[in-house]
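# What the coordinates show
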Amino acid sequence: MSIYQLKPRFQALLRPLVRRLAAAGVTANQVTVAACAISVALGLWLFFAEPSPDAFALVPLWMFLRMAFNAVDGMLAREHGQQSRLGAFLNELTDVLSDAALYLPFATYFAALSPHGGFWVGAVIVLAGLSEFAGALGPSVGASRRYDGPMGKSDRAFVFGALGLYIALGGPLPDWTAALMPLMAALVGWTTVRRVRAALAEAAPR
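This text gives an overview of the structure that appears in the document. (Residues numbered from 1 in each chain as written. Predicted model: local features only at pLDDT ≥ 70, side-chain atom pairs only at ≥ 80, totals over all residues. Heavy atoms only, no water.)

## Considerations on the packing of helix 5 (residues 106-113) against helix 6 (residues 117-136)
Cut-off, in case you're wondering: Axes here mean lines fitted to C-alpha atoms, for a helix over just the part in contact, with angles spanning 0 to 180 degrees between N-to-C directions. Think of it this way: any DSSP run of H or I at least four residues long counts as a helix, any run of E at least two long counts as a strand, and we number them from the N terminus. Oblique is the label for any angle not under 35 degrees, not over 145, and not in the 65 to 115 range, which are roughly parallel, roughly antiparallel and roughly perpendicular in turn. Contacts are residue-level and defined by heavy atoms, with any inter-residue pair within 4.5 Å sufficient. Residue polarity follows a fixed list, in which Ala, Val, Leu, Ile, Met, Phe, Trp, Tyr, Cys and Pro are nonpolar, Asp, Glu, Lys and Arg are charged, and the others, Gly among them, are polar.
For the pair helix 5 and helix 6, the least separation of the axes is 6 Å and the interaxial angle reads 140°. The pairing of helix 5 with helix 6 is recorded here as oblique in orientation. The residues of helix 6 that touch helix 5, namely those facing Phe106, Ala107, Phe110 and Ala111, are Gly117, Gly118 and Val121. Grouping the constituent residues of the contact of helix 5 with helix 6 by class yields five nonpolar, two polar and no charged.

## A few points about the pattern of salt bridges
Rules: The salt bridge definition used is simple: a Lys or Arg side-chain nitrogen within 4 Å of an Asp or Glu carboxyl oxygen. Only protein chains enter the calculation, and the probe is 1.4 Å; a residue is then buried if its accessible area is under 20% of its type maximum, exposed if over 50%, and partly exposed in between.
Counting across every chain of the model gives 11 salt bridges. One salt bridge in this structure joins Glu79 and Arg15, with 2.8 Å as the shortest N-O distance. One end of the pair, Glu79, is in helix 3 (residues 58-79); the other, Arg15, is in helix 1 (residues 7-23), with 64 residues separating them in the sequence. Overall, the relative accessible area of 24% leaves Arg15 in the partly exposed class. Residues Arg145 and Glu132 are paired through a salt bridge, measuring 3.0 Å at the closest nitrogen-oxygen approach.

## Some points on helix 5
For clarity, the cut-off: This arc is taken over the directions from the axis of the helix to the C-beta atoms.
For helix 5, every residue scored as buried is listed here: Phe106, Ala107 and Phe110. Each buried residue of helix 5 sits inside an arc of 100° when the element is viewed along its axis, so together they form one side. Those residues of helix 5 that are buried lie in contact with helix 3, helix 4 (85-103), helix 6, helix 7 (153-168) and helix 8 (180-203).

## As for the packing of aromatic side chains
Which entries qualify depends on this criterion: By convention, a stacked pair of Phe, Tyr or Trp rings (six-membered ring in the case of Trp) has centres within 6.5 Å and planes under 30 degrees apart, an edge-to-face pair has planes over 60 apart, and any other such pair is tilted.
For the coordinates displayed, the defined rule picks out seven aromatic pairs. Between Tyr103 and Phe160 the ring centres are 4.1 Å apart and the planes differ by 10°, which places this aromatic pair in the stacked class. A residue pair is termed long-range when its members are at least 10 positions apart, and Tyr103 in helix 4 and Phe160 in helix 7 qualify at 57 residues. Just as Tyr103 is buried, Phe160 falls in that class too.

## Topic: the side chain of Gln11
Within the element layout of this structure, Gln11 appears in helix 1. In this structure Gln11 comes out as buried when scored by relative accessible area, which is 12%. When sequence neighbours within four positions are dropped, the list of residues in contact with Gln11 reads Ala71, Met75 and Arg78.

## Considerations on empty space enclosed by the protein
Quick note on the threshold: Cavities and pockets were defined on a 1 Å grid built over protein atoms only: a cavity is a set of grid points that admits a 1.4 Å probe from which the probe cannot escape, a pocket is an open set flanked by protein on both sides within 12 Å along at least five of seven lines, and lining residues are those with an atom within 4 Å of any such point. Grid points are joined across faces, edges and corners, and a volume is the space filled by probe spheres set on the points.
This model, assessed by the stated rule, comprises one cavity of 30 Å³ or more. Estimated volume of the largest cavity: approximately 50 Å³. Thr32, Ala35, Cys36, Arg66, Asn70, Asp73, Thr94, Asp95 and Ser98 together form the lining of the largest cavity. Only helix 2 (28-49), helix 3 and helix 4 provide two or more residues apiece to the lining of the largest cavity.

## Quick look at the nonpolar core
Here is the rule we go by: Remark: nonpolar core denotes a set of buried residues (Ala, Val, Leu, Ile, Met, Phe, Trp, Tyr, Cys) joined through side-chain atoms within 4.5 Å.
Ranked by internal contacts, the top residues of the largest apolar core, which has 30 residues, are Tyr103, Phe106, Phe110, Phe160, Leu163 and Met181. For this core, the secondary structure elements donating two or more residues are helix 2, helix 3, helix 4, helix 5, helix 6, helix 7 and helix 8. The biggest single contributor to this core is helix 7, with six residues. Excluding residues that lie within four positions of it along the chain, Phe160 makes contacts with Val59, Met63, Tyr103, Phe106, Val124, Met181 and Met184.

No statement about biological role is implied by the geometric values presented.
Here you go:
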């Protein structure tokens, strides 16, 4: 089970907005690039500027809005004839870049919890990228693009959004959360394995 499975209901709510955007001449690639630019700007600002913890409230807010951006660009592409080869590349690459930028600011907080806390945030960033590439490689072996969980993009957004909200509310991360990033890394690793297995099973001759 993954939060991704709720996507069809979310898309239904956004469909009237998507129609208006398409009528206004907004393209799927413009939405994709805009979402990535905002993600990278927010993540790097939180990391390098080291603002007050209140600023981390922007993380859950943007994680939610980013899901809307991602749904909108896909619907513009599929339902309004805007699919393109460039869009296929942008869709995958910008997601990985955006995730890395948004997870990066949490390295400082987890490094304060344990000597290896920052490393584990980095591990989640790397493994998250691998899991998305594993899903995107499905069509290369004759399978569909895989979105298997248990720790896909939407699930990771939920975890980091919740962490951002907790930090913004002023609560120091409790000691037990030091185990959260290793656990996430394990779950993202298992997600990658599941996506590879599912793609191979789907593509296997019958």
